Amino acid sequence: MDLLLIFISAAIVNNFVLAYFLGICPFIGVSGKLSSAYSMGMATTFVLTIASMVTWIIYYFLLQPFHLEFLQTVAFILVIASLVQFVEMFIKKVSQPLYRALGIYLPLITTNCAIMGLALFNITREYTFYQGIVFAVGAGGGFTLALVLMAGIREELELADVPKPMRGVPVTLLVAGILALAFSGFAGMI
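First, a word on scope: everything that follows refers to the structure included in this document.

Thresholds, definitions, all that
- Residues numbered from 1 in each chain as written.
- Predicted model: local features only at pLDDT ≥ 70, side-chain atom pairs only at ≥ 80, totals over all residues.
- Heavy atoms only, no water.
- Core = buried A, V, L, I, M, F, W, Y, C linked by side-chain atoms within 4.5 Å.
- Buried < 20%, exposed > 50% of the residue type's maximum accessible area, 1.4 Å probe, protein only.
- Helix = DSSP H or I, 4+ residues; strand = E, 2+ residues; numbered from the N terminus.
- Contact = heavy atoms within 4.5 Å.
- Phe/Tyr/Trp six-rings, centres within 6.5 Å; stacked < 30°, edge-to-face > 60°.
- Lys NZ or Arg CZ within 6 Å of the ring centre and 35° of its normal.
- Axes fitted to C-alpha atoms, helices over the stretch in contact; angles between N-to-C directions.
- Left-handed = near helix turned anticlockwise from the far one by under 90°.
- Nonpolar A, V, L, I, M, F, W, Y, C, P; charged D, E, K, R; others polar.

## Brief notes about the nonpolar core
Side chains that are nonpolar tend, in soluble globular proteins, to be buried together.
Phase 1 of the analysis: Grouped together as the largest cluster of nonpolar side chains are 50 residues, with contacts concentrated most on Leu18, Phe27 and Ile109.
Phase 2 of the analysis: For this core, the secondary structure elements donating two or more residues are helix H1 (2–13), helix H3 (34–63), helix H4 (72–94), helix H6 (113–124), helix H7 (129–157) and helix H8 (169–184).
Phase 3 of the analysis: Per-element tally for this core: the top contributor is H3, with nine residues.
Phase 4 of the analysis: Setting aside its immediate chain neighbours within four residues, Phe27 contacts Val17, Leu18, Ala146, Leu147, Met150, Ala176 and Leu179.

Spelled out as structure tokens, the structure:
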């Protein structure tokens, strides 16, 4: 039950994008088409999950025993950057169209504050290894959900009669705000 609550909390109640506003750059940039939004969400979920495992191991088996906790930020950045490079090379090798569709946003996973936030949340909330994995999968699922919802709405807005001054970025930010308000309705549930 504890793991289920962690998952639901990370995915819906405390959604990284819509509650903590972490990962806004890919949320706004990649959410133009459903296919690229879903792919970006899956790539980010993969990186979140692996980063959660590796940073937990590094913190509890290397940094904490040797009293090097002050190096956690640097260590976590190195782990995240390495993982993103791995994911980027893998996607480039497996699917060139997906690699081109994600474009600049794939390397931006490295600077995605959601991944660093997840690693730091795992430590500050003192999650166990398995709780950290469930938290990462939930956060990735919530990230993917937010991207896919936004992409679906943006695809529909292309066909809508949006006033000229509101087209593009203004309506995107307005929709993002409305989605954040909608998800704030889940606050306090868990």
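## Focus: the packing of aromatic side chains
How two aromatic rings sit relative to each other is given by the distance of their centres and the angle of their planes.
Phase 1 of the analysis: Tallied over the entire structure, the rule returns 14 aromatic pairs.
Phase 2 of the analysis: The interplanar angle of 70 degrees and the centroid separation of 6.0 Å between the aromatic rings of Trp56 and Phe61 together place this pair among those described as edge-to-face.
Phase 3 of the analysis: The exposure class assigned to Trp56 is buried, which follows from its relative accessible area of 15%.
Phase 4 of the analysis: For Phe61, a relative accessible area of 57% translates into the label exposed.
Phase 5 of the analysis: Geometrically, the ring pair formed by Tyr127 and Phe135 is tilted, given 5.2 Å between the ring centres and 55 degrees between the ring planes. For the pair Tyr127 and Phe135, a shared accessibility class is recorded, and that class is buried.
Phase 6 of the analysis: Between the NZ or CZ atom of Arg125 and the centre of the ring of Phe121, over which it lies, the distance is 4.4 Å.

## Regarding the packing of H3 against H4
Phase 1 of the analysis: Viewed as axis vectors pointing N to C, H3 and H4 meet at an angle of 145 degrees, and their least axial separation amounts to 9 Å. The two elements H3 and H4 cross, and the hand of that crossing is right-handed. Here Ala43, Phe46, Val47, Ile50, Ala51, Val54, Thr55, Ile58, Tyr59 and Leu63 of H3 lie close against H4, whose contacting residues are Gln72, Ala75, Phe76, Val79, Ile80, Leu83, Val84, Phe86, Val87 and Ile91.
Phase 2 of the analysis: The residue inventory of the contact of H3 with H4, partitioned by class, reads 18 nonpolar, two polar and no charged.

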